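In case you want the letters, here they are:
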Amino acid sequence: MASPTPNCMRHAMLSFRQSTSSSLRSTLLRRSSHLSSPILLRSTRGYATTADPDPVPAASEIDFEQFTVQPARVIPASPAYFSGSPKFIDHLLNLESICARYASLPTVAPGDAPRMAWFKLAQFRDFVGESVPTKKYKNLVKILHRLNRIDQAMVPMEVRDTLKTFLRPGNPYGLKPAPATVDDMGRARGRGKRKTSSAVVHLVEGEGDVLINGKTLVDAFPRLHDRESATWPLRCTSRLDKYNVWANVRGGGVTGQAEAVTLALARALLVHEPALKPLLRKAGAITVDARRVERKKPGHVKARKMPAWVKR
Amino acid sequence: MIVRQLCARQSRQLLAVNRQTRTLTRFYSTETTVQTPVTARPATEPPRAAPISVRRDAKEAWKKREAQKQKFHQLGSEVADSYQPEELIRNPPKPSDITLELLLASQTHLGHSTSRWNPQNSRYIFGIREGVHIISLDVTAAYLRRAAKVVEEVAARGGLILFVGTRKGHKRYVVRAAELAKGYHIFERWIPGSLTNGHQILGHCETKVVNGMDQEIPDLKETQSERSALKPDLVVCMNPLENVVLLHECGLNNVPTIGVIDTDADATRVTYPIPSNDDSLRSVGVIAGVLGRAGEAGQLRRMEAARSGHLTYPALNPEDLKIEKNVSDDPKIANTVSEEPKIANAVLEEPKVASTVSDEK
Amino acid sequence: MASARISPTANLLRKSRLFALPQALKTPQDPPTSRHVFESKTATLPHPVRASIVTPKSSLARGDWGLKRPLPAKSTSSRSSRPVVRINALDTFEHVTDFESAADHTTTLEKFQELHMPLSLPSKVNYATSIVPRHQSPFESHVDNTNTSKGLEEAGAKQFRHSGPWLAGQTQAEFQSYLKQVTKKKPELLQKLRERFVAKRNAERRKQAQDNGEDLGALGSVEITEEEFQAYLKSLRADPFSLGPVVFELLDLPSPPAVPSDRIGHKYYQSPGTRLSSAEYAVSGPPKTHPSAGLSYTRSHALIYNHPKFGPQAYQRPVEARILRPKGRFKGRTSKAIAGVGGIAVEDLNAMTFVEQGSPPGLAYFDASIPGGAKYWVTPIRASVDSEGRIGLASYRASATAKAPYSIEDYKKPSLTSITDVARGDQRFVPRLDRTRSRGGQSVESRGTEDIAKSLMKTLGSS
């Protein structure tokens, strides 16, 4: 009886066994009712062991004020208590019930639904305070996505509020970089990187002059292929004679510098003429080549090369 | 590499040449700048929700469509007394609704392959048909009624009833049963040690102190932080075969269990077996529904008693809550604390009565 | 009443649908030949062996088929819009409900029912004359009899089932065991034989009296002594020709196949006139099922097909048949073409002649160039179930009149050797081939009209 839980199971079994012997049961019930009402307890001490010499007075009125304040038992806060992650499961069941309730509402294509920044897994774990496995959270996010696809004109308030609780604080998708513009002197600036080179290009409308680090194109890139590379965005759009290029390239070798200029030039050109984007994309001028030299590892000759195997 | 690059460049150039029809007019013109954005940025408007009138219209249209759909569904002949699978969740059968027909229709009689049987279950088995054991329907009905009674009594005495169904389609039935019986549910996995090592595993899960009307007493919330984990007073297991660990822990902790025992399961693992098919979702749905309804009836009884001021179970010992320190602050609690030894005594006396009663019998 | 005594559980279980599922039939056996039979193990059986099960939509969504456990959606509802399964085992040692799709036989049945064919009694189709035998429904009262039917007492009644086995189809061991059964029943058989002998003698006596002009009413029954009966037995034993009919009648055996021609001169146990409803049953054995096999319950094909536009039609809408095996030499023998009509293999009835004009492409020889495989249109004319339980379908090539209202026609191969109008020379104007080649963009029709106009102008001008 020292266990903190109300060990009522014993009562249950007892009464079940005793369901036939009604007299015993009735006394038992009377006992338990006596026990349960706190007011009566004062006068019923020793009832079972010794006979009370005095006649028992009638019970006083029940003090309901007291009854609501008296702690009766300790119970779990959530019906999913024994699963080990009650909050997560409560959220999941809540979302599933909402999803089922509003299943008939019209939905839009996933692409047309508003973009929502749900909690990242770590954030969600902090939010519920339980270590939720990745897969289970992914399934929950699937339900969120489904709810988010409900036609915006028809979303019930309940869904709106529920979805809001799963959003990351702030609005990550609202922070878009301001579109680059041509400055007041007509210059567009673009930056690009390739291998270890980085280039900054200033593009002005002009007659087709190209200056790389203060040198002409031919001086900067003696190889024809590199010159072709560097001016490729202008060439593929046939704008070689419409713009003047002023580029600053640092680091890397000749090829890297030339291709860094390509990227920077293409980006600068897009500031002048955004409509060229598909063309430049097709021409491969604004595709970033993110490859870098792989580091050398210990035990290897190069990044991956192993020393030749020698018998003994 | 040069050759490759050259090829790539050349092919790209060819592509670009082919597409020159698409290039802008600027290509042919001598002037530039057609749509070049200027430094002065226009104020961008944040995307707003659809205007109210549009939303209302869409809602009206949808409501109309739904109404029409319902109207069409009502057309045609009416089929009475047909089986609706969703009714098992929406409106589960009560213990008084248990009939042999219901059990037969929900496939409770289909046991396992005869080569899989556990001879302990021979008293529940009616016969063999097409290589499987057939469980006797009247035995199932009797044991199901007994289990329902147990659930009802436990619920009426404020016990914690845990419904466990960890197989694939059990989730909705288990959750619904727990919802009806105001119990607790597990539908994913029983974490081994939740009973024997409860403080480690369930220690972080929140509990609350409630009064006789099941209303939370928020003042006592902070006293709950160092309590050991709670244990259920009755476990209802829908698939005992997969939850051997759970049943073992229940046995160690003296927690009674109700289990759906198929012909290949060990009936001695559970306190109250219900011989039935445990593979069919429909039979599991019926059993969970009946037990959930029984729990609901028990809870109703308990609340009725609470409304008339009776507790059907021994009240919490305030000593356990460790509230002596702040007793003086709260006059109401202080009142009750003075009686706590009596309560403790009374509670201690209870099992004595129980033992004498059982001896007499 | 035994049924009133059984427990409510037993009563309910007996009435349950699961218990009402019929037992599985025996799988059709391979023909007992020494020849090698090429058959796939996964091929559709000639006739269904187990009952097919369907479930309502709402239960199907939950996988509930009324069985031990829900069936997985992956192999039922997500694979087919109307899944039908057959159950091999309710539960196995591996905790699995063994089931498979029963769509093979159910769709064949559906396709067959779409042909609107009544079933006939089997009859040999004579290919030489290509005359299709008359339709005779197995539901006619004088043929729709088993050995216990009351209709057998009528004169000329035939039956499709006898109580005795078909001796011609038995193996040695089966025959020996049957002989043992018969020897056990020897006394009652002898008694029956005696009765038969008495009846025979009575009839003889009656006939004699009739011939002599005696009073028929005054005739008593004949008394037969044991010696007479023994003498009769001896005479029967001595003469297989007269013993044969007696044996077949006493044991109620179905008729055997006809005696081979080389045995005709010898002594053999003659069979009485067949009582089988179809002569085919004597050749291949009595049928395992009712001769209709439950495929169709219509008695005749006296239907008129209505076309929404052209009104009543003499022929039903033709059915497309896939050519499974073209006519020609196959394993060293010439054979008829085999087509598949609604899932049933059919021999092409029209393919009698060796060289045919205008036969559909792909029928005479295998042609891989036909898109989608070789097909042609047929009109089914006769369907029957043979003694093994297979559907025997006969079909004609669809006539032009049958195909016309539905504007369907057989696939025409674009012939490589076709001669243009120009080459035939029935056109006066010879077009400049080089010039037409130079301007490729012009369409053929416009060029044709241009040529016609030019030639017209020329003729006008010359006249």
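Residues numbered from 1 in each chain as written. Chains lettered and ligands numbered in written order. Predicted model: local features only at pLDDT ≥ 70, side-chain atom pairs only at ≥ 80, totals over all residues.

So the rule is basically this: UniProt positions are given in the numbering used here, feature names are shortened, and annotations may be inferred rather than shown by experiment.
Chain B goes by 37S ribosomal protein, mitochondrial in an unreviewed UniProt entry, where it is assigned to Aspergillus nanangensis. UniProt, in the comment section headed Sequence similarities (unreviewed entry), describes chain B in these words: "Belongs to the universal ribosomal protein uS2 family."

You'll find chain A entered in an unreviewed UniProt entry as Small ribosomal subunit protein uS9m, with Aspergillus nanangensis given as the organism. The Sequence similarities (unreviewed entry) comment attached to chain A in UniProt states, word for word, "Belongs to the universal ribosomal protein uS9 family."

1. As for the overall build of chain B
This is how the line gets drawn: What counts as a helix is a DSSP run of H or I of at least four residues, what counts as a strand is a run of E of at least two, and both are numbered from the N terminus. Exposure in this text rests on C-beta crowding, where 20 or more other C-beta atoms within 10 Å of a residue's own make it buried, 12 or fewer make it exposed, and counts in between make it partly exposed. The C-beta atoms are placed from the backbone. Placing C-beta atoms from the backbone, we regard two residues as in contact once those atoms come within 7 Å.
Across its full length, chain B carries 12 helices and 9 strands. Burial status across chain B gives 40% buried among its 361 residues. A fraction of 62% describes how many contacts in chain B between residues 6 or more apart in sequence connect residues 24 or more apart.

2. Quick look at unusual backbone geometry
In this structure, S238 of chain A takes a positive phi of about 60° despite not being glycine. When you line up the elements, S238 of chain A lands in the loop between α10 (232-236) and β6 (243-250). Take S238 of chain A: there are 15 C-beta atoms within 10 Å of it, and that puts it in the partly exposed class. The phi torsion at D252 of chain C lies on the positive side, around 55°, for a residue other than glycine. By secondary structure assignment, the location of D252 of chain C is in the loop between α8 (240-251) and α9 (279-284). We classify D252 of chain C as partly exposed; it has 14 C-beta atoms within 10 Å.

3. A word on the nonpolar core
Nonpolar side chains tend toward joint burial in soluble globular proteins. Basically, it comes down to this: Definition of nonpolar core: a set of buried Ala, Val, Leu, Ile, Met, Phe, Trp, Tyr and Cys residues joined via C-beta atoms within 7 Å.
Residues A147, V151, I161, L162, V164, V236 and L291 of chain B are the most contacted members of the largest nonpolar core, which totals 93 residues. Once you skip the residues sitting within four places of it in the chain, V151 of chain B turns out to touch I161, A181, L234, V236, L291, A294, G295 and G298 of chain B. By size, the runner-up hydrophobic cluster in this structure holds 33 residues, among which are I212, A264, A268 and L279 of chain A.

4. Describing the packing of helix α4 (residues 86-101) of chain A against helix α6 (residues 134-148) of chain A
All names here are of chain A. Spelled out, the test is: Think of each axis as a best-fit line through the C-alpha atoms, taken over the contacting stretch in the case of a helix, with angles from 0 to 180 degrees between the N-to-C directions. To sort the angles, those under 35 degrees are grouped as roughly parallel, those over 145 as roughly antiparallel, those from 65 to 115 as roughly perpendicular, and the leftovers as oblique. Handedness of each helix crossing follows the sense of rotation of the near helix against the far helix: counterclockwise by less than a right angle gives left-handed, clockwise gives right-handed. Under this grouping Gly is polar, as are all residues other than the nonpolar Ala, Val, Leu, Ile, Met, Phe, Trp, Tyr, Cys and Pro and the charged Asp, Glu, Lys and Arg.
Closest axis-to-axis distance for the α4/α6 pair is 10 Å, and the angle between their directions is 30°. Classified by the interaxial angle, the pair formed by α4 and α6 is roughly parallel. The element α4 and its partner α6 pack so that their crossing is left-handed. Touching H91, L92, L95, E96, I98 and C99 of α4 are L140, I143, L144, R146 and L147, all from α6. Considering only residue class, the contact of α4 with α6 consists of 8 nonpolar, 1 polar and 2 charged.

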